[in-house]
Amino acid sequence: MMQHVEAGEVRSTCPYCGVGCGVLLKPDGTGGLAVRGDPDHPNNRGRLCSKGSALGETVGLADRQLTPQIGGQDTDWEEALNLVAAEFLRVREEYGPDATAFYVSGQLLTEDYYVANKLMKGFIGSANIDTNSRLCMASSVAGHKRAFGTDTVPGVYEDLEEADLVVLVGSNLAWCHPVLYQRIAAARAARPQLKLVVIDPRRTATCAEADLHLPLAIGSDVALFNGLLAEISRRGAVDTDYVAAHTSGLKEALKAARGDDPDATGLDEDELAAFYDLWIGTDKTVTVYSQGVNQSSAGTDKVNAIINCHLATGRIGRPGTGPFSVTGQPNAMGGREVGGLANMLACHMELKDERHRKAVQQFWNATALPRENGMKAVEMFDAVADGRVKALWIVHSNPAVTMPDADRVRRAIADCPFVVVSDITLRTDTARLADVFLPAAAWAEKSGTVTNSDRTISRQRAALAAPGDVKPDWAIMAEVGRRMGWKEAFAWDGPAQIFDEYAQLSAIAGKFGLDFDISSMSGKDAAAYDQMAPLRWPQSPDQKGGRFFADGQFFHADKRARIVPVRHRAPKAALSRKLPFRLNTGRLRDQWHTMTRTALSPRLSAHLPEPFVDMRPEDAARLHLKPADMVRLSNACGSAILRLRESTEVQPGTLFAPMHWTGENAPASRIDVLVPSVTDPLSGQPESKAASVRAERFAAGWYGFAIAQDRFSPTCEYWAMARTSAGWRAELAGKERPTDPESWARALFAFPDAPAQVMVDEARGSFRMAFFEDETLLAAIYLGRQPVSLMRDFLVGLPGSDAVWALAGQSRGDMPDPGPVVCSCFSIGRNTIRRAIESEGLTSVEQIGAATSAGTNCGSCKAELGQILAAMVSTEPAE
Ligand SMILES: Nc1nc2c(c(=O)[nH]1)N[C@H]1C(S)=C(S)[C@@H](COP(=O)(O)OP(=O)(O)OC[C@H]3O[C@@H](n4cnc5c(=O)[nH]c(N)nc54)[C@H](O)[C@@H]3O)O[C@H]1N2
Ligand SMILES: Nc1nc2c(c(=O)[nH]1)N[C@H]1C(S)=C(S)[C@@H](COP(=O)(O)OP(=O)(O)OC[C@H]3O[C@@H](n4cnc5c(=O)[nH]c(N)nc54)[C@H](O)[C@@H]3O)O[C@H]1N2
Ligand code: SF4
Ligand SMILES: [Mo]
């Protein structure tokens, strides 16, 4: 196992997506970290994506808060922890345990999560602990429980390589699970009969590899899979033996399915037939799904509609088959196992099951375990808003940005009498609202375990010393538990002891016949825990790793899986003449959620440095919008301003905007202010991808672009700021053009008297100003009446260098404009790639790699290289 580790390297796990890649970390002795993929880790075998490769750029201390704060003032741990314990006790005493709540995260380590859950459910005595996984995996959990009787992911990653057909539903795998996508691409290269289908209303980067893309209408997945189920039956493709022996409900499900019209998908007959032929004709099929499925008011039904087709054909539990929900966060799966959701106990035990509750209570030696489920995320913040929750602790999440109806959630947090936030930085919309801020140790500084999408438990190991006063999350919560009076229950001295307690508890789940049993991993001392190699659960006395349901035995009392009757329902937010656009939201390749870590990396920030909305050109034309105009989206919840990107990747009447921007870096562009808080009735998961909005031109009186060595603070109606290798860049726009632009620019950068150059062209309404120290460029600003056209990707490198000619806004002949970054590993821009394709006559992604090295490290940009190539070929004049 240790054969590939070099001297000084620490083996750990990437803190981003649920693929769960192993990393090797080499501290440089001055706080920095060299990062490479772990060749021995079963999930990635040495591969990393752009975000994983750039981890070293995100461990700096620049934005960290290293001491606790009370009311915005630095304090010590004694004061801060005593106050948190006292306030939670007081509120519990005065208003009852349900007046307190924890909102936690699928990015917590299992040990952190275990402590949070034990503290709230076991000792404070409320089930009001929910997690951002409610916004992420809840529909999959509910769908699994309905079908299988427990929240079990049946398959393993190898199934995606062994299949003959992989169907990706509502998953932009190329950007969101890049290493898994690369594993599929490699399997296809080795075995071209492995077909790939993408089911997504958008034509995403993931479609670059696809044999078939079905651009279905947003929210119509149930209609599609019901159509498939009906067709499976019509063609006699039901596995009748399997269905008879191991399932129930097919008849009712078929009746429901036949009642749906696949027309609701908006797909034409040829597209549907092609999909049905492939799916029905390929025994070894894996259907992978993610947020296009889960984040829906019909999310649970979508999950079951997919699982139904697998059960009806017996395609589950065998190599290369199965439904496969890929998890988003690094420990989304671990959180589900440990009972992080308000309706679960630890180890897949149920709060509402008397036997389970008693057993856990006894094991924890706890006084009071709640009998009722706690509040799910949206309900929880409703209760914060109307004053029922009076003490709230938010750990490792940024709900003021990422919850639906985010302005309302932000106000609710601000108005809550007592708010504790544990984070690594104060620079978040949520942390700024904290009464008590508790500084957590960050990824590279803490130890524990995480579980990835295919149930592999991996160790995260500290590689850097914890800076300042920071403490790991488990330790902070255990301290509070002890101070609240439960000394023994929270007495661990490290994550190894917590893991051991957890593994022991799972034996009880195993005795109840539940799936989550890792009891054979218990009994490890700190040294053995430290050596723990990645291991897939179950790890019970009778099963080690592998697939579930190979024997057709499920977890309902009668051991049969349920084929669940479901009917298509359109998204809840109605479209109307006033709100004619369906707003789809999601992720970008190089940013992680609210950007508190990925935006520290100049390389990652260069890929798409500004918030935008994708709109079909014909829709833009109808609204009299020109490329690069600013667009205002609005509805009853709120409004946002974004840059227009005309795109044929989205469908007419639909828009796509990324979820990442926040009050810290683009305050007018927080997309969740537009998302109404409607939820799936079973899972409570919000419908984050189907708001209805109106779109109009934001009539800016001026536009601007600014670069600087140091961070600056714009105040105009629209601004978006990103880090660059030389400092910072910002896009700006406002209604009223500054009357005295020179003083305005000096104030913007806080350079009251630095020497400056000014260039004004009244006729064209352009104003440019650059600030220098001797000949070194400190900052520059370019304003115009129209969106300013500049060689931005060239200019961003200038601050800090001798660039007395910066105001020209253009590169000089010997320094061509690289264009926006496509390959973030080698910082290679679109123009550079296009020039190479043109001048060297390149015809494949591999040739682009050989000529420019783009795409040859992590490979995350290969899909985009393919798109650039295809676009250039299709625009070449016919001979
Ligand atoms: N780069 C990056 N990677 C990440 C993350 C990140 O922040 N950045 N976050 C991680 C997390 S927590 C998660 S949960 C995962 C999410 O991973 P994904 O689910 O793959 O990501 P999203 O972009 O949220 O949404 C996926 C797709 O759903 C489509 N979609 C929207 N509505 C529908 C619909 O009704 N039906 C169908 N079939 N598709 C629809 C969208 O067009 C979008 O392309 O990514 C993980 N990986
Ligand atoms: N419109 C729309 N909204 C969405 C989604 C969408 O697709 N569309 N996706 C949803 C999904 S799937 C998800 S998972 C959520 C994600 O949403 P969030 O969880 O709110 O977003 P993050 O930015 O990941 O927040 C993590 C926070 O933890 C902090 N942090 C980092 N390391 C540590 C640590 O070690 N300890 C502690 N205590 N804090 C730390 C970070 O600085 C950051 O502030 O967003 C959801 N919201
Ligand atoms: S695919 Fe990328 S983000 Fe996901 S775990 Fe691997 S390196 Fe990290
Ligand atoms: Mo997520």
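Residues numbered from 1 in each chain as written. Chains lettered and ligands numbered in written order. Predicted model: local features only at pLDDT ≥ 70, side-chain atom pairs only at ≥ 80, totals over all residues. Heavy atoms only, no water.

**Quick look at the sheet that holds strand E28 (residues 718–724)**
If you trace the six strands from one edge of the open sheet to the other, you get E28-E29-E27-E32-E31-E30, paired in antiparallel fashion. Edge positions in the sheet fall to E28 and strand E30 (756–761), since each of these pairs with one other strand and no more. Taking each pair of neighbouring strands and ignoring which way they run, the sheet shows an average axis angle of 10 degrees. Its contacts with the sheet put helix H24 (residues 741–749) on strand E27 (702–708), strand E29 (727–734), E30, strand E31 (766–773) and strand E32 (776–784), and the angle it makes with E31 is roughly 45 degrees. (Pairing = 2+ DSSP bridges. Helix = DSSP H or I, 4+ residues; strand = E, 2+ residues; numbered from the N terminus. Axes fitted to C-alpha atoms, helices over the stretch in contact; angles between N-to-C directions. Contact = heavy atoms within 4.5 Å.)

**Here's the deal with the environment of Val436**
Position of Val436 relative to the elements: it lies in strand E16 (residues 436–439). Distance in space between the C-alpha atoms of Val436 and Gln69 is 5.7 Å, their sequence separation being 367 residues. Contact partners of Val436, with chain neighbours within four places excluded, come to Gln69, Ile70, Ala80, Leu83, Val84, Phe418, Val419, Val420 and Val421.

**Remarks on unusual backbone geometry**
Cis rather than trans, the peptide bond between Trp537 and Pro538 has omega equal to 5 degrees. With respect to the helices and strands, Pro538 occurs in the loop between strand E19 (535–536) and strand E20 (561–562). Positive phi is not limited to glycine here, since Met595 has a value of about 65 degrees. Locating Met595 in the fold gives a position in the loop between strand E21 (581–586) and helix H22 (602–605). With phi around 55 degrees, Ala750 is a residue other than glycine that occupies positive phi space. Considering the arrangement of structural elements, one finds Ala750 in the loop between H24 and E30. Relative accessible area serves as the criterion here: at 56%, Ala750 is assigned to the exposed category. (Buried < 20%, exposed > 50% of the residue type's maximum accessible area, 1.4 Å probe, protein only.)

**Topic: the pairing of strand E2 (residues 22–27)**
For strand E1 (residues 10–13) and E2, the ladder comprises four bridges, and the chain directions are antiparallel. Each residue of the ladder has a partner; that of Arg11, found in E2, is Leu24. The sheet contact formed by E2 and strand E3 (residues 33–37) spans five bridges and is antiparallel. Paired with Leu24 across the strands is Arg36, a residue of E3.

**Here we look at H24**
For an α-helix, the turn length of 3.6 residues means that residues three or four places apart are oriented alike. Listed in full, the buried residues belonging to H24 are Pro741, Ala745, Leu748 and Phe749. Down the axis, H24 shows its buried residues gathered within 80 degrees of arc, on one side only. Contacts made by the buried residues of H24 are with E27, E29, E31 and E32. (Arc of directions from axis to C-beta.)

**Thoughts on the domain arrangement of the protein**
Domain annotation for the protein reports domain 1 (10–58), domain 2 (69–135 + 331–536), domain 3 (138–325), domain 4 (581–675), domain 5 (702–808) and domain 6 (821–874). Relative placement of domain 3 and domain 6: their C-alpha centres are 32 Å apart. For the pairing of domain 3 and domain 6, the buried interface totals around 450 Å² over both sides, and the portion due to carbon and sulfur atoms is 50%. Inspection of the region where domain 3 meets domain 6 yields zero salt bridges. Counting across the interface, domain 3 meets domain 6 through one residue pair in polar contact (both at pLDDT 80 or more). Here the residues of the side of domain 3 that touches domain 6 sort into four nonpolar, two polar and no charged. (Domains from an automatic or database assignment. Buried area = accessible area lost by both parts, 1.4 Å probe. Salt bridge = Lys/Arg side-chain N within 4 Å of Asp/Glu carboxyl O. Polar contact = N/O pair within 3.5 Å; in protein donor to acceptor, adjacent residues only side chain to side chain. Nonpolar A, V, L, I, M, F, W, Y, C, P; charged D, E, K, R; others polar.)

**Observations regarding a negative patch on the surface**
On the surface, a cluster of negative charge is contributed by Asp261, Asp263, Asp268, Glu269 and Asp270. For Glu269, a relative accessible area of 68% gives the class exposed. (Patch = residues over 30% accessible without salt bridge, like charges linked within 9 Å, V, L, I, M, F, W, Y side chains within 5 Å. Areas by Shrake-Rupley, 256 points an atom, 1.4 Å probe, with all protein chains shown as cover. Lys, Arg positive; Asp, Glu negative; His and termini not counted. Charge placed at Lys NZ, Arg CZ, Asp CG, Glu CD.)

**Observations concerning the nonpolar core**
In this structure, Phe88, Phe102, Ile199, Leu224, Phe225, Phe275 and Trp393 are the most contacted members of the largest nonpolar core, which totals 112 residues. Taken domain by domain, this core gets at least three of its residues from each of domain 2 (69–135 + 331–536) and domain 3 (138–325). Sequence-distant contacts of Phe102, that is, excluding residues within four places in its chain, are made with Phe88, Ala116, Leu119, Met120, Ile124, Asn128, Ile129, Asp130, Met380 and Trp393. Leu48, Leu180, Ile184 and Cys207 belong to the second largest nonpolar core, which has 61 residues in total. (Core = buried A, V, L, I, M, F, W, Y, C linked by side-chain atoms within 4.5 Å.)

**Focus: the packing of helix H4 (residues 138–148) against helix H13 (residues 299–312)**
Helix-helix packing is described using two parameters, namely the angle between the two axes and the distance between the axes. Direction vectors running N to C along H4 and H13 enclose 50 degrees, while the axes themselves pass 8 Å from each other. Of the possible angle classes, the one that applies to H4 and H13 is oblique. Crossing of H4 against H13: the hand is right-handed. Touching Ser139, Ser140, Ala142, Gly143, His144, Arg146, Ala147 and Phe148 of H4 are Gly299, Thr300, Asp301, Val303, Asn304 and Ile307, all from H13. Within the contact of H4 with H13, the residues separate by chemical class into five nonpolar, seven polar and two charged. (Parallel < 35°, antiparallel > 145°, perpendicular 65-115°, else oblique. Left-handed = near helix turned anticlockwise from the far one by under 90°.)

**Some words on helix H18 (residues 406–415)**
Of all the positions in H18, only Ala406, Val409, Ala412 and Ile413 are classed as buried. With its buried residues spanning 115 degrees around the axis, H18 presents them on a single face. H18 presents Arg411 and Asp415 as exposed residues on the side facing more than 90 degrees away from its buried surface.

**Topic: the site of ligand 1**
Looking at ligand 1, there are 35 residues lining it, with Asp200, Gly219, Ser290, Arg587 and Gln591 nearest. In this structure, Lys51 approaches ligand 1 through a side-chain N or O atom, which is 3.1 Å from a nitrogen atom. Coverage of ligand 1 by the protein amounts to 99% of the 910 Å² it exposes when considered alone. Every element with two or more residues in the shell around ligand 1 is listed here: helix H6 (173–176), helix H12 (291–294) and E21. Looking at the shell around ligand 1, its residues break down into 11 nonpolar, 16 polar and eight charged. (Near = heavy atom within 4 Å.)

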